[in-house]
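Geometric and topological summary
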Amino acid sequence: MTANTATSEENLLGKGGQPHEPSTPTSDTEVGGGTPTELSEIFFVDNSRRKQSIKIQVKLCPEGVYLRRETDEDDHINEQLIRIDDIIGSRYGPRLKKRARGGLNSCRNPNVPGQEADPEPDSDNSAYLYIYAYLKKEKPLRRVQTLRILRFRSSNDYGVNLQTAELWHHTIRRHKRGNGSSSPADCGKQLLILLNPKSGSGKGRELFQKQVAPLLTEAEVQYDLQITTHPQYAKEFVRTRRDLLERYSGIVVASGDGLFYEVLNGLMERMDWRRACRELPLGIIPCGSGNGLAKSVAHHCNEPYEPKPILHATLTCMAGKSTPMDVVRVELAPRDKHFVMYSFLSVGWGLIADIDIESERLRSIGAQRFTLWAIKRLIGLRSYKGRVSYLLAKGKKEPPVEAAKEAREMPAESDQPKRPSTAAAIRSSLPLNAGEFHDLPEEEEVEEEAVLDGEQFADAISLDRSVYRQHADSWHSAMSRRTAYYSLGGPSMRSNRSRMSISQRIEAANAEFAERVPTGTIPGLQMPLPSSEGWICEDGDFVMVHAAYTTHLSSDVFFAPESRLDDGLIYLVIIRSGVSRHQLLNFMLSLNTGTHLPIGEDPFIKVVPCRAFRIEPSSSDGILVVDGERVEYGPIQAEVMPGLINVMTTSGQ
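Note that the structure is predicted; figures quoted are calculated from it, not measured.

With that out of the way, let us pick up the pairing of strand β17 (residues 384–392). Bridge analysis of β17 against strand β19 (residues 535–548) gives eight bridges, and the strand direction is antiparallel. Bridging across to β19, Tyr 384 finds its partner in Phe 542. Note that β17 and strand β23 (residues 605–617) share seven bridges and pair antiparallel. Note that in β23 the partner of Leu 392 across the bridge is Cys 610.

Our next topic: the side chain of Thr 550. Mapped onto the elements of the fold, Thr 550 is located in the loop between β19 and β20 (552–554). A relative accessible area of 2% places Thr 550 in the buried class. With sequence-adjacent residues up to four places away left out, Thr 550 is seen in contact with Leu 293, Ser 296, Phe 344, Leu 345, Ala 560 and Ser 563.

On to the environment of Leu 282, then. Inspection of the secondary structure assignment puts Leu 282 in strand β13 (residues 282–286). The class for Leu 282 is buried, based on a relative accessible area of 2%. Residues Leu 282 and Cys 317, spaced 35 residues apart in sequence, show a C-alpha to C-alpha distance of 8.5 Å. Residues contacting Leu 282, with those up to four places away along its chain left out, are Ile 251, Phe 260, Val 263, Leu 267, Ile 645, Asn 646, Val 647 and Met 648.

By secondary structure assignment, the location of Lys 55 is in strand β4 (residues 52–61). For Lys 55, a relative accessible area of 38% corresponds to the partly exposed category. Lys 55 sits 10 residues away from Val 45 along the chain, and the two C-alpha atoms are 6.7 Å apart. Beyond its immediate stretch of four places on either side in the chain, Lys 55 contacts Ile 42, Phe 43, Phe 44, Arg 68, Arg 69 and Glu 70.

Time to look at helix α4 (residues 233–240). Residues spaced three or four apart along an α-helix point in a common direction, a consequence of the helix completing one turn every 3.6 residues. Tyr 233, Ala 234, Lys 235, Phe 237 and Val 238 are the residues of α4 that are buried. The inward-facing, buried residues of α4 contact β10 (190–195), β11 (223–227), α5 (244–247), β12 (248–255) and α6 (257–268).

What follows is about helix α16 (residues 581–589). Buried residues of α16: Leu 584, Phe 587 and Met 588, and no others. Mapping the buried residues of α16 onto a view down its axis gives an arc of 95°, with all of them on the same face. Residues of α16 that are exposed and point more than 90 degrees away from the buried face comprise His 582 and Leu 589. Check the buried side of α16 and you find it contacts α10 (351–358), α11 (368–379), β19, β22 (570–576) and β23.

With that out of the way, let us pick up the side chain of Ser 554. In this structure, Ser 554 sits in strand β20. Looking at Ser 554, its side chain comes within polar contact range of the side chain of Asp 556, at 2.9 Å. Excluding residues within four positions of it along the chain, Ser 554 makes contact with Gly 290, Asn 291, Gly 292 and Lys 295.

Definitions and cut-offs
Going along each chain's sequence as written, the residues are numbered from 1 onward. Side-chain atom pairs in this predicted model are given and counted only at pLDDT of 80 or more, local residue features only at pLDDT of at least 70, and totals for whole chains, interfaces and linings cover all residues. Calculation of side-chain values draws on the structure's entire complement of heavy atoms; hydrogens and water are dropped beforehand. Any two strands with at least two DSSP-identified bridges between them are counted as paired. Helix and strand assignments come from DSSP, with helices taken as H or I runs of at least 4 residues and strands as E runs of at least 2, each series counted from the N terminus. Burial classification: accessible surface area is computed with a 1.4 Å probe over protein chains only, and a residue below 20% of its type maximum counts as buried, one above 50% as exposed, and the rest as partly exposed. For this analysis, residues touch if any pair of their heavy atoms sits within 4.5 Å. The arc refers to the directions leading from the helix axis to the C-beta atoms. For this analysis, a polar contact is any N or O atom pair within 3.5 Å, provided that within protein one partner can donate a hydrogen and the other can accept it, and provided that sequence-adjacent residues contribute only side-chain to side-chain pairs.

Set out below in C-alpha cells:
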C-alpha cells in the first residue's frame, strides 16, 4: 500500500464531501433489530497535489476497519485492514482542539496561528469519529501508532451526523466484545493501578503520566490510580480492601517485579483469595529495573517489548484478555520460624541472588547495576555447602537440551515463544484449590511516516477523565498512518451455583472459605523427603541454585527458554563448585540469548524440570531471594500450583 505524502490539508468527508440530505450509513445484517454487524460509507479526500478527490470506501465489520482506495491511474486499488484486535478505542463528537504540546497535531486554523477554534454549527456541522489503533508489524516486531479520523457531514443537521458517528463508535465496541475482549471500558468497573513512584530510576510517576495515561484515555478506561507511599502499601491495600472485587475489573502494577510480588501475596492473604484469583486478572507495566514478568508476558504473546516496553505492556493490559499463570508456594523455616509466601518469578541461592541483592547500592544507575556487580562476583567467586532435593516432573527423566540447541540456532534477535508443555498430569496430582494484520505490499517507504517516538506524549494527561485531552492529527491521505478519514466475561459464580440445590450451595461456600490459603502436597520442611515418591537429593558445594518458572528473570535475562506461563513446571538450574570462571563467564554472557544452558551432559551445570524442590544450606551466612526480594536465610522449599492466577495478555491463551 502506497502512503500518500501530500503536504496540503486533506479532509476525509462522508457522502461526496458536500452537504446532503440526512442519510444513514449502509449496514448489513442487524442482530435482533439492534446494532448492525457491518457498516459502510464512502469518503472523499481532497488532494491538492493531484487536483482531484480520492474516493475511499470504509467498511466496519467484525474483523476490523477495512479501507479501499481507488485511483484513476490504471484502475489501481489500495486496500488496508485495521484488525479489531489492534483498535484500542474510539471517540466521537465535534472536532478536537489541538494539544498545547506533544501528541498528534490537528490541522491549524489560519485565523489563529497555533490554535483551532471550537466547531460551530453554522460553520461546521460535521461529526468526527477518532479511531485509535496500534498496528502489529513483523520484521522487526513492533506496534505502529495509527489514527483514523472519519468526518461525517452528510446532513445539514449536526445531531444527525453525530448519531451516525455514535453508531460507528458503538459498533466498534460491540465487535471488540464479540472478539472475546473484556475491556474495562465495558464492564462498568474501574481498573486498579498501583504505581511505585520510586521504581526504576525514580521516574515512575513521570513515565506513567507521559506514556500510560494517554493510552488509557484513548481506550476510555476508567481507572483508580493508587500511589504507593511505603513498603507493603500495595499488599495491605489489596488484602484489606473489602470492595476489591465489586469495584475493580483487574489490577495493574506499574512498577518492577517487587510490587507485583506484594500484590500477589496480598491477594493470597484474603479470605476470598480463590474468587479474587479467578476474577481479578493481574497486569504488569515495567517501570522497574528488572521487569522479568513483563518480558515473559510479551514473549508468551509474541508481542514486542523494546524499544517502548511501557507502551507495549500498557496495550497488553488493555487488550481485555487473560491467561492462567502458575504460582509457586514457597515455605521457609529460618531459625525455627515458619513462613509461607507465594512466588511468580524465581527462587535463588548463590551467584545470581548475590548479584541481585548486593547491587541494590547501585540502584540509581538502573539495569546496568546487574552487569557491574556480576563482574565483581565473578572475580570473587563464592560457593555454598548444602543439600538440594527435587521432585522431577512426570514424564521428565533428563534435563531438557532441545531449547538450548534451538536457541543457539536462532538469531540473537529471535524471541519467539516455544510450544507449550503438557501439565495435565501435574494438575491432576495437585489439590483442586491449586487450581495479522498485513498491509498490501507497499510501493515505497516514506520516512516521514516513521513510527511516532516518545515525544508524542510530551505533556502529562490529566487524571480527571471528565476532561478529555486528545491527540488530534493533521489531515493526511487515506492510507497514511495518521489520516483524517470492548466484553464477554466467563460465567459468574451466581450463574454456576444456580444449578445447585441450596444445601449444595452452602457446602460449596463453606468449602471455599474454610481454608484461607492453599495447602502443600509435599512433606513439611522438618520432615524427610521419601525417595520412594521420586525425590532426588544432591549434597556438595554449589556456586548457584536458581529456580525459574517464567522465561525471563529480567528484561535481558532469557533464563528458561522452554518455560510457559501455565506449564506447571519449575526449571531448576544447578551449578556445582569446580566450574571454571571461563565457563561461568560464558554462562553469564549467554543469558540474554537463552544459549547459556549446556548441550548434553555437563559435570558442573545442569537444568532440571521439576514440580517441587528443597534447598538446605549448611551454613548460616548467605542470601536467598524470592522474586528478587531477600528473605531470611535458612531451609526453603517450593512447589508449583498450576494456573492459580490470571495475567493480562493479548492472546488469552
